[in-house]
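For reference, the chains in residue letters:
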Amino acid sequence: MPLTTVALIVILLAVYGYFLGKRRAWKLAGDGAVAGKLHSLPAYHGSYVALWAALPSLVVLLCWSLFGQAIIDQMALYSLPAERLEGADAGKRGLLLATIKNTAFGGGFASDDPVIIAAAEYMNSLQASGQWAVGILALALSLMALAFAARHLAPQFQARHRVERTAQVLMILCSVIAIITTFGIVISLFFESLRFFERYSIIDFVFGLKWSPQTAIREDQVGSSGAFGAVPVFMGTMLIAAIAMAVAVPIGLLSAIYLSEYAPSRIRGSIKPVLEVLAGIPTIVYGFFAALTVAPAFRQVGEVLGLPVSANSALAAGSVMGIMIIPFVSSLSDDAIRAVPQSLREGSAGLGATKSETIRQVIFPAALPGIVGAILLAVSRAVGETMIVVMAAGLSANLTLNPLEQVTTVTVQIVANLTGDTAFDSAKTLSAFALGFMLFLTTLCLNVMAILVVRRYREKYD
């Protein structure tokens, strides 16, 4: 029985339990209003029954999804004859398990070894019987829990307290999962970066001026020096991010001021959704726009002016990236400006200030924390962008501040170093983790700066 079908049935049982509990609460209250007859509203009684019908079964399904396959893998692996596993290290056992899985699930590297075929058939039987057992267990558990919760209802039963407590526990669990996930990402990046720094000096990585991640496979190979100086990569990232912010900040900020302070509500309701549509366009579309329209246009302008403009340039990538970021700056700044209390505007007008003076001397300083936060968030978005840079700025790690030349960014090099047939433990592949860790530290510093700015200049209004 597919687990998705079981999960769907459990959800339907929970919906049925909600209406069952609600109807039972109305019966317990009798005719007329429920006030004074029930401790909690009928909706809470229904939610209580629905939670009992859904949560235990979903926990069982989740546990099976997380650990079931691992248990089946080990059982199938140890079903092999002892001589096949004798002396086998972790790598060989992993290869045997992969062969069994390919044979069981019809992969491209299926084996015709009778022993492997028998283990694959055993794995398939375990998979099928396990899914049926877990499905029946989950459905039985859901039905029993639903019946128990429905019988447990009473006029003075504190259903609201139970439901709110359960919701609080679920929210805490979600928060813990988010935090653990973040720590897991950081830890994995950190340890893979340590493996890279065991082979390459961190000083040379941070302060090196040459980036050439191609390493020599043979000792006599020429042209593969394996230089991992990250300065050109981070310089390219900062250059493109600076161009993007030079485009996005003025346009986004001025449009936010116009929409919040000058535009009639009818025009605001028309323009703001159009601006926010820009945020929903896939970055690949921006990349095509940059590579096929903007970059050739800049090159033609450069030829007219007598300037050498590369086919892929930081100016083209940064300009299009700035257009993409405009909605971030505009929308968040608009929200910050509109959050300024109306009493400040009226007070300034009462003292004789014009509208522009009120904006410059009252509204803008009051909204500054939100605006700075919006700009730093946009910077983080620009630093992490990949597709536009790949298509419009190129892959050359040039140490330059000339926006008319090719540059590359950290994210582009991460993608380039993690793709291809290079061994996973090579310096080239591991350097992607080191770049990712440095990029994480950079964006973390930006976020910390944003928090400090907001706390420093935050103004509280009653």
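Everything that follows concerns the structure shown earlier in this document.
Residues numbered from 1 in each chain as written. Predicted model: local features only at pLDDT ≥ 70, side-chain atom pairs only at ≥ 80, totals over all residues. Heavy atoms only, no water.

**Q** Explain the overall build of the protein chain here, please?
**A** Along the backbone of the protein chain there are 16 helices and two strands. Compactness check: the protein chain gives a C-alpha radius of gyration of 31 Å against a globular reference of 23 Å for 462 residues, more than 25% above the reference. A separation of at least 24 residues holds for 72% of the contacts in the protein chain among residues at least 6 apart in sequence. On the protein chain, roughly 25,100 Å² of surface is accessible, and the fraction owed to carbon and sulfur atoms is 67%. The centroid of the 31 positive side-chain charges in the protein chain is displaced by 14 Å from the centroid of its 27 negative side-chain charges. (Helix = DSSP H or I, 4+ residues; strand = E, 2+ residues; numbered from the N terminus. Rg over C-alpha atoms; globule rule 2.2 N^0.38 Å. Contact = heavy atoms within 4.5 Å. Areas by Shrake-Rupley, 256 points an atom, 1.4 Å probe, with all protein chains shown as cover. Lys, Arg positive; Asp, Glu negative; His and termini not counted. Charge placed at Lys NZ, Arg CZ, Asp CG, Glu CD.)

**Q** Help me out: how do you make sense of the packing of helix 11 (residues 314-338) against helix 13 (residues 355-383) in this one?
**A** Helix-helix packing: each pair is described by the crossing angle between the helix axes and the interaxial distance. Contact pair helix 11 / helix 13: the axes reach a minimum separation of 8 Å and the direction vectors enclose 150 degrees. The pairing of helix 11 with helix 13 is recorded here as roughly antiparallel in orientation. Viewed along their axes, helix 11 and helix 13 form a crossing whose handedness is right-handed. Between helix 11 and helix 13, the contacting residues are Met321, Met324, Ile325, Phe328, Val329, Leu332, Ser333, Ala336 and Ile337 on the first element and Ile363, Ala367, Gly370, Ile371, Ala374, Leu377, Ala378, Arg381 and Ala382 on the second. Grouping the amino acids of the contact of helix 11 with helix 13 by side-chain chemistry returns 15 nonpolar, two polar and one charged. (Axes fitted to C-alpha atoms, helices over the stretch in contact; angles between N-to-C directions. Parallel < 35°, antiparallel > 145°, perpendicular 65-115°, else oblique. Left-handed = near helix turned anticlockwise from the far one by under 90°. Nonpolar A, V, L, I, M, F, W, Y, C, P; charged D, E, K, R; others polar.)

**Q** Looking at this model, I keep getting lost on the packing of helix 2 (residues 42-77) against helix 5 (residues 114-152). Mind explaining?
**A** Following both chains from N to C, one finds helix 2 and helix 5 inclined at 165 degrees, their axes separated by 8 Å at the closest point. As summarised for this structure, helix 2 and helix 5 are arranged roughly antiparallel, according to the angle between their axes. The two elements helix 2 and helix 5 cross, and the hand of that crossing is right-handed. Its residues placed into classes, the contact of helix 2 with helix 5 shows 24 nonpolar, seven polar and one charged.

**Q** Could you clarify how one ought to interpret the environment of Thr411 in this entry?
**A** Along the chain, Thr411 falls in helix 15 (residues 410-418). Spatially, the C-alpha atoms of Thr411 and Leu239 are 14 Å apart, while their sequence positions differ by 172 residues. Those residues in contact with Thr411 that lie beyond four places of it in its chain are Val383, Gly384, Glu385, Thr386 and Leu439.

**Q** Got a minute to help me understand the side chain of Thr443 in this structure?
**A** Within the element layout of this structure, Thr443 appears in helix 16 (residues 427-457). For Thr443, the side chain forms a polar contact with the main-chain oxygen of Phe440, separated by 3.0 Å. (Polar contact = N/O pair within 3.5 Å; in protein donor to acceptor, adjacent residues only side chain to side chain.)

**Q** Any chance you could explain the pattern of salt bridges here in plain terms?
**A** A side chain with one charge may pair with a side chain of the opposite charge, provided their charged atoms come close. As enumerated under the stated definition, the model contains eight salt bridges in all. Residue Arg195 is joined to Glu192 by a salt bridge in which the shortest nitrogen-to-oxygen separation is 3.1 Å. Of this pair, Arg195 and Glu192 both sit in helix 6 (residues 159-199), three residues apart, which is roughly one turn of the helix. Classification of Arg195 as partly exposed rests on a relative accessible area of 31%. (Salt bridge = Lys/Arg side-chain N within 4 Å of Asp/Glu carboxyl O. Buried < 20%, exposed > 50% of the residue type's maximum accessible area, 1.4 Å probe, protein only.)

**Q** Help me out: how do you make sense of helix 4 (residues 90-105) in this one?
**A** An α-helical turn contains 3.6 residues, so a residue and the one three or four places further along point in the same direction. When the terminal C-alpha atoms of helix 4 are compared, their 22 Å separation across 16 residues agrees well with the 22 Å that a helix rising 1.5 Å per residue should span. Lining the buried residues of helix 4 we find helix 2, helix 3 (82-85) and helix 5. Residue Gly106 follows helix 4 closely and has a positive phi angle near 75 degrees. (Expected span 1.5 Å × (residues − 1).)

**Q** Honestly, a positive patch on the surface in this entry has me stumped. Any pointers?
**A** A cluster of basic residues, Arg23, Arg24, Lys27 and Arg151, forms a positive patch at the surface. Looking at the positive patch element by element, the count peaks at three residues for helix 1 (residues 3-29). Looking at where Arg24 falls in the secondary structure, it is placed in helix 1. Look at Arg24 and you get partly exposed, because its relative accessible area is 33%. (Patch = residues over 30% accessible without salt bridge, like charges linked within 9 Å, V, L, I, M, F, W, Y side chains within 5 Å.)

**Q** Would you explain the layout of surface pockets in this entry?
**A** Once rolled over the atoms, a probe with the size of a water molecule shows which space is left empty. In this model, the largest pocket occupies a volume close to 200 Å³. Around the largest pocket, the lining residues are Val231, Phe234, Met235, Thr237, Met238, Ala241, Ala242, Val379, Val383, Thr442 and Leu446. Among the secondary structure elements, those contributing two or more residues to the lining of the largest pocket are helix 8 (231-262), helix 13 and helix 16. Of the residues forming the lining of the largest pocket, the biggest block, seven residues, is contributed by helix 8. Here the residues of the lining of the largest pocket sort into nine nonpolar, two polar and no charged. (1 Å grid on protein atoms, 1.4 Å probe; cavity = no way out; pocket = protein on both sides within 12 Å on 5 of 7 lines; lining within 4 Å. Points joined across faces, edges and corners; volume = space filled by probe spheres on them.)

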